[in-house]
Amino acid sequence: MNKLNNISVVGAQWGDEGKGKITDLLSHQTQVVVRYQGGNNAGHTIEFEGKKFALHLMPSGIFSGTCDVVIAQGVVINPKILIKEINMLKENNISVNRLKISDRANIIFPYHEEMDGLIEDYKIDKVGTTKKGIGPCYSDKMNRTGIRFCEFCDEELLKSKLIANVAIKNEIFTNANGQYKKFDADALYEEYSIYAKELKQYMCDTSLFLDQAIQDNKRILFEGAQGVMLDIEHGTYPYVTSSSPSSSSIPINCGIAPMYINNNLGIVKAYTSRVGEGPFPTILNDEIGAKIREVGHEYGTTTGRERAVGWLDLVQLRYAIRVSGITSIALMLLDVLSGLKEIKVCTSYLLDGVEINTIPALEKDYSRCIPVYKTLEGFNEDITKITEYDNLPKAAKDYIKFIEEATKIDVAIVSVGPDRSATIVRREI
Ligand code: GDP
Ligand code: IMO
Ligand code: MG
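The structure presented is a predicted model; accordingly, all values stated were derived computationally and were not measured.

Trainee: Just give me the short version of the overall build of the protein, but keep the residues and values in it.
Mentor: Along the backbone of the protein there are 13 helices and 20 strands. Taken over the C-alpha trace, the protein has a radius of gyration of 22 Å; the compact-globule value for 429 residues is 22 Å, and the two agree within 12%. Overall, the C-alpha framework of the protein stretches about 65 × 50 × 40 Å when taken along its three principal axes. Across the 429 residues that make up the protein, the buried fraction comes to 59%. Contacts in the protein between residues far apart in sequence, at least 24 positions, make up 76% of those at least 6 positions apart. Across the protein, the centroid of the 49 positively charged side chains sits 1 Å from that of the 56 negatively charged ones.

Following this line, the structure appears as structure tokens:
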């Protein structure tokens, strides 16, 4: 039985580390690619042969042409967005015949998006969500009022559950202090039952499907969305998303046994970026930050928002490695650091003058942490065409070595450009 061979691709920072690129790359050595949490708050970019795609729900393994792609039950699905994505792929001659959608995944409706806006409006400390209805959909799931994909595809259940959900949501929208949309259950049913008819062909008991794939010794890649620092359990709460991107959540989100998840590739930007609100100790609000943002095109794939950028934070990275069980690293966007005279890395924090090496639970303490930096030499060369590790400038290799020594984790992949081919694979994953 295949116990060691699966891979998880997990964002080790605050999202947008390059998970889409690496999932696409590794999908060519994989038989199944699974999205296990999040929804269309994610934006995963894939580039190859002069083409560029941004996916929000479809697993990034879809371009391999041979992988089965699975949307597992831990994902929240906006059917409108998924159909749009399916059509976009078909127009580009990418087959979606191998898509399987969990019968147990929860569905996002427009009232979830409206509720996302309302909850943000009422918050004093706004999270800066993507307003895609992710939190409200997961809340309904936990409240046991959500609509699962199998119910969505059953006309009678869809109707009765929409009536019940719209009644309570409209009550809140009507009484709220602001102009919020109200919904008509019949109109929603008319529109969404058409989407259900279109998507029903992909419905699958994906827990059973994945178990069979494991028994058949197939290699499975689990594609995380967001990142460990946005994890509802382990992230910078409340400035987090509403699911668990960490690899430890894969078994529960997919309905498979935990022993199959032990090869966890942490996707790490060579610096740090964050979109939305929340503490970010190594943030650069200066011209170096502006330069990194411009060279790295640090604008959100989903919302177009400007991403905050900062130096690599080893306290944060070691924390992500620990709570998510990361066993190797893909170091991304290293090319973006070219041209900087020096590169700083945060090695610890000072909180009220005391050195600390982990992340405080209290958000107001974390916001007061002052990074302690080690300064390394920068490099000037254009590294985007380099395919052999040995050909990287010495300063770039020293930077990688420093990260490996500080984390005790191998940097197995180095990414030097957005294209699939701009990748140095040092060790097969
Ligand atoms: P994801 O959400 O983790 O899949 O990451 P995003 O796609 O949101 O953001 C990563 C961005 O960096 C995308 O625009 C990628 O095309 C780009 N990218 C990925 N790897 C590299 C790299 O090594 N160098 C550069 N310059 N860009 C990269
Ligand atoms: P990928 O998969 C970066 C952030 C939002 C906000 C917080 C909560 O592309 O890495 P939500 O809409 O999830 O309730 O917003 O999480 N966020 C992301 N940031 N990359 C993502 O996904 C994100 N998905 C959500 O900006 O701060
Ligand atoms: Mg993204």
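After that view, the rundown keeps rolling.
Trainee: Can you explain the packing of helix 6 (residues 155–175) against helix 7 (residues 185–199)? Please cite residues and give values.
Mentor: Close contact between helix 6 and helix 7 brings their axes to 10 Å; oriented N to C, the two are set at 140°. In this view, helix 6 runs oblique relative to helix 7, as classed from their interaxial angle. Considering the relative orientation of helix 6 and helix 7, their crossing is right-handed. Contact residues: E155, L158, K159, L162, I163 and V166 in helix 6; A185, D186, L188, Y189, Y192, S193 and K197 in helix 7. Partitioning the contact of helix 6 with helix 7 into residue classes produces eight nonpolar, one polar and four charged.

Trainee: Tell me about the site of ligand 2, residues and numbers included.
Mentor: Close contacts around ligand 2 come from 20 residues, with D16, K19, H44, T130 and T241 the closest. Interatomic distance of 2.7 Å between a side-chain N/O atom of K19 and an oxygen atom of ligand 2. One of the side-chain N or O atoms of N41 is found 2.9 Å from an oxygen atom in ligand 2. When the free accessible area of ligand 2 is taken as 550 Å², the share hidden by the protein chains comes to 98%. In terms of residue class, the shell around ligand 2 is built from seven nonpolar, ten polar and three charged.

Trainee: Give me the coordination of the magnesium ion (ligand 3): which residues, what numbers.
Mentor: For the magnesium ion (ligand 3), every protein donor is listed as D16 (OD) and G43 (O), and the spread of their distances is 2.1 to 2.2 Å. Placement of the pair is D16 in the loop between strand 1 (7–11) and helix 1 (19–27) and G43 in the loop between strand 2 (32–35) and strand 3 (44–48), with a sequence separation of 27 residues. For G43, a relative accessible area of 11% gives the class buried.

Trainee: Residue-level account of the packing of helix 2 (residues 79–91) against helix 7, with values.
Mentor: In a packed pair of helices, the relevant descriptors are the angle between the two axes and the axis-to-axis distance. One can describe the packing of helix 2 onto helix 7 by two numbers: an axis separation of 10 Å at closest approach and a directional angle of 45°. Relative to helix 7, the element helix 2 lies oblique. Like other packed secondary-structure pairs, helix 2 and helix 7 cross with a definite hand, here left-handed. Facing P79, K80, L82, I83 and I86 of helix 2, the residues of helix 7 in contact are E191, Y192, Y195, E198 and L199. Class assignment for the residues of the contact of helix 2 with helix 7 results in seven nonpolar, no polar and three charged.

Parameters at a glance
Residues numbered from 1 in each chain as written. Chains lettered and ligands numbered in written order. Predicted model: local features only at pLDDT ≥ 70, side-chain atom pairs only at ≥ 80, totals over all residues. Heavy atoms only, no water. Helix = DSSP H or I, 4+ residues; strand = E, 2+ residues; numbered from the N terminus. Rg over C-alpha atoms; globule rule 2.2 N^0.38 Å. Buried < 20%, exposed > 50% of the residue type's maximum accessible area, 1.4 Å probe, protein only. Contact = heavy atoms within 4.5 Å. Lys, Arg positive; Asp, Glu negative; His and termini not counted. Charge placed at Lys NZ, Arg CZ, Asp CG, Glu CD. Axes fitted to C-alpha atoms, helices over the stretch in contact; angles between N-to-C directions. Parallel < 35°, antiparallel > 145°, perpendicular 65-115°, else oblique. Left-handed = near helix turned anticlockwise from the far one by under 90°. Nonpolar A, V, L, I, M, F, W, Y, C, P; charged D, E, K, R; others polar. Near = heavy atom within 4 Å. Polar contact = N/O pair within 3.5 Å; in protein donor to acceptor, adjacent residues only side chain to side chain. Areas by Shrake-Rupley, 256 points an atom, 1.4 Å probe, with all protein chains shown as cover. Donors = N, O, S within 2.8 Å, 3.2 Å for Na, K, Ca; no water.

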